[in-house]
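Below, each chain spelled out in residue letters.
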Amino acid sequence: MFRSLAEKFSFRRSSSVAVDSNTRTLSDPTARLSADEQFATAEDGTSTSVSLKKQDSLDTSTASAATPNASTAGGPRKSYDSKSLPIRNDGSLDYDALYEDESDNDLSMESHGSVVTHLLSQVKIGMDLTKVVLPTFILERRSLLEMYADYFAHPDLFLRIADLNDPRERMVQVKPYNPILGEIFQCHWDTPDMPTGDDNSNIEVKEGPVPWCRKDQLTFIAEQVSHHPPISAFYAEHYNKKISFSAHVWTKSKFLGLSIGVHNIGQGTVTLCDLNEEYIVTFPNGYGRSILTVPWIELGGTVTITCPQTGYHADIDFLTKPFYGGKRNRIQGEIYSPNDKKSFLSITGEWSGLMEYKFNDGSKPSKLETFVDVNSIPIFKKQVRPVCEQSECESRKVWKEVTAGLKMNDIDKATNAKFLVEQKQREEARERKETSGEWANKYFKAVGDSWIYNNPLLHRLTLERRDSKR
């Protein structure tokens, strides 16, 4: 269980930090922006990122909407290289290809002194960043809900938990791993190296989180279940392996001078349906360092993994880099047997690279051996249905024009598109208030302080077994 979760934090795509449910990636827009250009508040519900390329033949209807300080239809127009962005045969923009393009570069804030000055003028050390305005160009171009799916970039390690017979081995295998209200994201992974069932039995799971997927695929769904506070809930399952993962998380961020600190609040639960075991996992905190020069991220704090049914538990410390000396991304973990105060297994190394382990109970030679090297593990690409087939509330469809504008480096277009999305959300909230209506979540429900998927695999399997006995 420890091994499966540790690799979840090996984010290799970009350096990003969530700020009150907005994940920001600092990317180079190639052009200086003045401090009085368009800014987006940190409580707004998008995450986007800037591209270096431009193009000319996009539909500009979204960009023509009027927003404060934005270009109007009669203003100057920008020209773009038509070869820079993916175009379909009918001349329309290929939004799916935009989302799959991962060719973003890191941004040096040194080249945007006026923007830095603007930001620093609004903050004080220890200040909550919810209301702080941020320049549109630094936003990650994927919704935070989609970024949570990155936790399963190595689905084979997650699914392997269900194959282990010893509860002690299962504990070792588990590793730690502002969309708009009602926004959802769905995807799945194929795992050809771990075949289960056959062509006849691997039918679609109509009652599952992604009803067009088969029993031998890992499926994922996320929903923005609350706007204040901004809470995201997500759920994944593999029917044939009889394993699922459910989680909810929201963030509180603070300005720390030269850094931004993000406290992740919530927890996740791995459920092994056939064994009636649950592994409850907490999340580390995140820090955006050197925000005035070349930003980088690190994780910090203690993560716990507990299995109430077997009594096994683990403590994993994500060690922040000392101000002087030391290394980045260090991790130290201890795994304990039921009722024991001394760990039977110790883990050390880098959560972004090589981790090693040794046994402490004499059951095996006490020497360091490779536990996992996240850089040598293959990444499985998630599968997302085309934007044109998605419902209006799905992440990529909601934010497609914002993504296109940022990919073009057309900040006006991106800001205008973002304004339209958020204005629609504000109008819907106003209508609900006037009619005394309440927002009804579609896939998750609140249970105490937690958010639970409405129709989890364990519940469905229980009903299937009961019906089979009739």
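Residues numbered from 1 in each chain as written. Predicted model: local features only at pLDDT ≥ 70, side-chain atom pairs only at ≥ 80, totals over all residues. Heavy atoms only, no water.

Draft legend 1. Structural detail: the confidence of the model for the protein chain. Per-chain confidence: the protein chain averages 77 in pLDDT, with 75% of residues scoring 70 or above. Segment residues 11–83 is flagged for pLDDT under 50; beyond a separation of four residues in sequence, or across chains, it makes 246 contacts in the model. With pLDDT under 50 throughout, residues 105–109 is counted as low confidence; its partners more than four residues away or in other chains account for 26 contacts. (pLDDT = per-residue confidence, 0-100. Contact = heavy atoms within 4.5 Å.)

Draft legend 2. Local environment of the packing of helix α8 (residues 400–407) against helix α9 (residues 411–434). Direction vectors running N to C along α8 and α9 enclose 165°, while the axes themselves pass 7 Å from each other. Relative to α9, the element α8 lies roughly antiparallel. Regarding α8 and α9, the two cross each other, and that crossing is left-handed. Facing E401, V402, A404, G405 and L406 of α8, the residues of α9 in contact are I411, K413, A414, A417 and K418. By residue class, the composition of the contact of α8 with α9 is six nonpolar, one polar and three charged. (Axes fitted to C-alpha atoms, helices over the stretch in contact; angles between N-to-C directions. Helix = DSSP H or I, 4+ residues; strand = E, 2+ residues; numbered from the N terminus. Parallel < 35°, antiparallel > 145°, perpendicular 65-115°, else oblique. Left-handed = near helix turned anticlockwise from the far one by under 90°. Nonpolar A, V, L, I, M, F, W, Y, C, P; charged D, E, K, R; others polar.)

Draft legend 3. Here's a closer look at α8. Buried residues dominate α8, accounting for seven of its eight residues. Those residues of α8 lying buried are E401, V402, T403, A404, G405, L406 and K407. On its buried face, α8 is in contact with α2 (95–100) and α9. One or two positions beyond α8, positive phi appears at N409, with a value near 65°. (Buried < 20%, exposed > 50% of the residue type's maximum accessible area, 1.4 Å probe, protein only.)

Draft legend 4. How the structure looks around the pattern of salt bridges. On inspection of all chains with the given rule, the structure shows 21 salt bridges. Taking the shortest distance from any N to any O, the salt bridge between D156 and R160 comes out at 3.8 Å. Here the residue D156 and the residue R160 both occupy positions in helix α5 (residues 155–160), the gap between them amounting to four residues, near one helical turn. Residue classification places R160 among the partly exposed residues on the basis of a relative accessible area of 34%. One continuous salt-bridge network, built from bridges that share partners, spans E146, D150, K382 and R396. (Salt bridge = Lys/Arg side-chain N within 4 Å of Asp/Glu carboxyl O.)

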